Amino acid sequence: MKISALVLDLDGTLLDSQKQVSERSKQAVLACHRRGLSIIYATTRPPRAVRELLPEELYAVGSFIYYNGAFIRSPLDGEEYHFPIEKELFGAFLDHCLDIAPNVEFSIEVKDEWFSLGDVEYAVVARRKSHPIRKAIHELKEHHPTKILLTSIDETAVTALASSFSSRLNIVITDGGKLIQIMSLSASKEAGVQLLCAKLGLNMSDLLVFGDDYNDLGLLQAAGYSVAMGNAPLDVQEAANEVTLTNDEDGVSIVLDRILADL
């Protein structure tokens, strides 16, 4: 198995349930870097949260795919790549969402800023240190969102939104159905990794990928070798080449230690 790069999801994968990276996992990733592998972090989170969560040593060696591929930073040339939702489409989505789910917790990320229509409980769930800036509807509609976040919305409303907008937006259900994430159709983890691979001179077939949720499916299927976490849903596990232990059992480092021994 040829491996030129390591691609890691964060929540539920490299991060344990306390949102920390174990010492064993940190050392395993650093060992990959020392062996010449490129390190790519592909996450749903914004840049500010990744900066807070990753140990400095791991942050320093990585390229970053944020918001499921809607915002990308390449340390090689300092370039940023942004794939936002167009303002007109966003306005139509917001109006329809509030019409069918008036009690939804609605917020957006715009590059590295977080805005909302009201209080957002997800700030507690995700252990974020910041809270969104509240804005009126007309203010929110002036933005081209990097990502839309929906919480406190029932399954019927989600189904209705998907029926109306799935051909125009990338709608992903994560966190056991507690969080709905909406991005541009051009944004996905696998598309972001392909972009970075082109810059790094890598092939998708040379990637070792780890993931645990539905937003990782496309990437797991596109990589040369993919590993699902033991805490991943069954159909995500079935999409991978291998299933490791959970994120609380050092599932990432167990596989990396074995593969590094064979390189």
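Our subject is the structure listed above.
Quick look at the structure, then. Note that the structure is predicted; figures quoted are calculated from it, not measured.

**Brief notes about helix H11 (residues 251-262)**
Now for step 1: Given a rise of 1.5 Å per residue, 12 residues ought to cover 16 Å, and the 18 Å separating the end C-alpha atoms of H11 matches this to within 8%.
Now for step 2: Taken together, the buried positions of H11 are occupied by Gly-251, Val-252, Ser-253, Val-255, Leu-256, Ile-259 and Leu-260.
Now for step 3: Where H11 is buried, its residues meet strand S1 (5-8), helix H1 (23-34), strand S12 (207-211), strand S13 (225-228) and strand S14 (242-243).

**Here's the deal with the nonpolar core**
Now for step 1: Core analysis: the largest hydrophobic core is formed by 39 residues, its most contacted members being Leu-6, Leu-14, Tyr-41, Leu-54 and Phe-210.
Now for step 2: With residues up to four places along the chain from it excluded, the contact list for Phe-210 reads Leu-6, Val-7, Leu-8, Asp-9, Thr-13, Leu-220, Val-227, Met-229, Gly-251, Val-252, Val-255 and Leu-256.
Now for step 3: One finds Cys-97, Ala-101, Val-104 and Val-158 within the second-largest nonpolar core, a separate group that totals 23 residues.

**Concerning the sheet that holds S13**
Now for step 1: Taken together, the 8 strands give an open sheet; going across it, the order is S5-S4-S3-S2-S1-S12-S13-S14, and neighbouring strands pair in mixed fashion. The open sheet has two edge strands, strand S5 (80-82) and S14, and neither has a second partner.
Now for step 2: Inspection of the sheet shows strand S2 (residues 38-42) paired to strand S3 (residues 62-66) by 4 bridges, in the parallel sense. Opposite Ala-42, over in S3, you have Ile-65 as the bridge partner.
Now for step 3: Each of S1 and S2 touches H1; the most contacted strand, S2, lies at about 135 degrees to it.

**A short note on the pattern of salt bridges**
When their charged atoms lie close together, side chains carrying opposite charge are able to pair.
Now for step 1: Per the stated rule, a full pass over the model turns up 15 salt bridges.
Now for step 2: The residue Lys-26 makes a salt bridge to Glu-57 at a minimum N-O spacing of 3.1 Å. A residue pair is termed long-range when its members are at least 10 positions apart, and Lys-26 in helix H1 and Glu-57 in helix H3 (residues 56-59) qualify at 31 residues.
Now for step 3: Judged by its relative accessible area of 38%, Glu-57 falls in the partly exposed class.
Now for step 4: In this structure, Glu-56 engages Arg-51 in a salt bridge whose closest nitrogen and oxygen atoms are separated by 2.9 Å.
Now for step 5: Among the charged side chains, a salt-bridge network with shared partners connects Asp-9, Lys-189 and Asp-216.

**Quick notes on the packing of aromatic side chains**
Now for step 1: Enumeration over the complete set of coordinates arrives at 7 aromatic pairs.
Now for step 2: Relative to Tyr-66, the ring of Phe-64 lies with its centre 5.7 Å away and its plane at 5 degrees, an arrangement referred to as stacked.
Now for step 3: Among the aromatic residues, those joined into a ring-pair cluster are Tyr-41, Tyr-59, Phe-64, Tyr-66 and Phe-71.
Now for step 4: Geometry around Tyr-59 places Arg-51 over its ring, the cationic atom sitting 4.1 Å from the centre.
Now for step 5: Over the aromatic face of Phe-115 sits the side chain of Lys-135, whose NZ or CZ is 4.1 Å from the ring centroid.

**Thoughts on helix H4 (residues 87-100)**
Now for step 1: For H4, which comprises 14 residues, the first-to-last C-alpha distance of 20 Å matches the rise-based estimate of 20 Å (1.5 Å per residue) to within 8%.
Now for step 2: Buried residues along H4 sit against strand S6 (105-110), helix H6 (137-140), strand S9 (147-151), helix H7 (155-165), strand S10 (169-174) and strand S11 (179-184).

**Let's talk about the pairing of strand S7 (residues 113-116)**
Now for step 1: When S6 meets S7, the two strands line up antiparallel, connected through 4 bridges. When the sheet's bridge partners are listed, Ile-108 is paired in S7 with Phe-115.
Now for step 2: Hairpin connection of S6 to S7: 2 residues between the antiparallel strands, including Lys-111 at a positive phi of 55 degrees.
Now for step 3: Relative to strand S8 (residues 133-134), S7 is paired through 2 bridges, and the arrangement is parallel. By the bridge assignment for S8, Phe-115 is matched with Ile-133.

**Topic: unusual backbone geometry**
Now for step 1: Its identity is not glycine, yet Lys-111 carries a phi of approximately 55 degrees, on the positive side.
Now for step 2: Secondary-structure assignment places Lys-111 in the loop between S6 and S7.
Now for step 3: Look at Lys-111 and you get partly exposed, because its relative accessible area is 37%.
Now for step 4: Positive phi, normally seen in glycine, also occurs at Asp-250, with a value near 60 degrees.
Now for step 5: If you trace the backbone, Asp-250 turns up in the loop between S14 and H11.

**Focus on the packing of H1 against H11**
Now for step 1: Two elements in contact, H1 and H11, have axes whose closest approach is 9 Å; the angle formed by their N-to-C orientations is 35 degrees. Both H1 and H11 take part in a crossing whose hand is left-handed. On H11, the residues that touch Arg-24, Ser-25, Ala-28, Val-29, Ala-31 and Cys-32 of H1 are Ser-253, Ile-254, Leu-256, Asp-257 and Leu-260.
Now for step 2: By residue class, the composition of the contact of H1 with H11 is 7 nonpolar, 2 polar and 2 charged.

Criteria and thresholds
Along each chain, residues carry numbers from 1 onward, in the same order as the chain's sequence is written. This being a predicted model, a pLDDT of at least 70 is required before a residue's local features are given, and a value of 80 or more before pairs of side-chain atoms are given or counted; all residues contribute to the totals for chains, interfaces and linings. Think of the side-chain values as coming from all heavy atoms in the structure, minus any hydrogens and water. Starting at the N terminus, helices and strands are each numbered in turn, a helix being any DSSP run of H or I of at least four residues and a strand any DSSP run of E of at least two. By this rule the span expected of a helix is its residue count minus one, scaled by 1.5 Å. Relative accessibility thresholds used throughout: buried, under 20% of the residue-type maximum; exposed, over 50%; partly exposed, between the two (1.4 Å probe, protein chains only). Pairs of residues are marked as contacts when any of their non-hydrogen atoms sit within 4.5 Å. To define a nonpolar core, start from buried Ala, Val, Leu, Ile, Met, Phe, Trp, Tyr and Cys residues and group those joined through side-chain atoms within 4.5 Å. If DSSP finds at least two bridges between two strands, the strands pair. Each axis is a line fitted through C-alpha atoms, taken for helices only over the stretch in contact, and angles between the N-to-C directions span 0 to 180 degrees. By definition, a salt bridge exists where a carboxyl oxygen of Asp or Glu is found within 4 Å of a side-chain nitrogen of Lys or Arg. Note on aromatic contacts: the rings of Phe and Tyr and the six-membered ring of Trp form a pair at centre separations within 6.5 Å, being stacked when their planes are under 30 degrees apart, edge-to-face when over 60 apart, and tilted otherwise. Geometrically, a charge over a ring is one whose NZ (Lys) or CZ (Arg) sits within 6 Å of the ring centre while staying within 35 degrees of the ring normal. Each crossing gets its handedness from the near helix: less than a right angle anticlockwise from the far helix is left-handed, clockwise is right-handed. When residues are grouped by polarity, Ala, Val, Leu, Ile, Met, Phe, Trp, Tyr, Cys and Pro land in nonpolar, Asp, Glu, Lys and Arg in charged, and all others, Gly among them, in polar.

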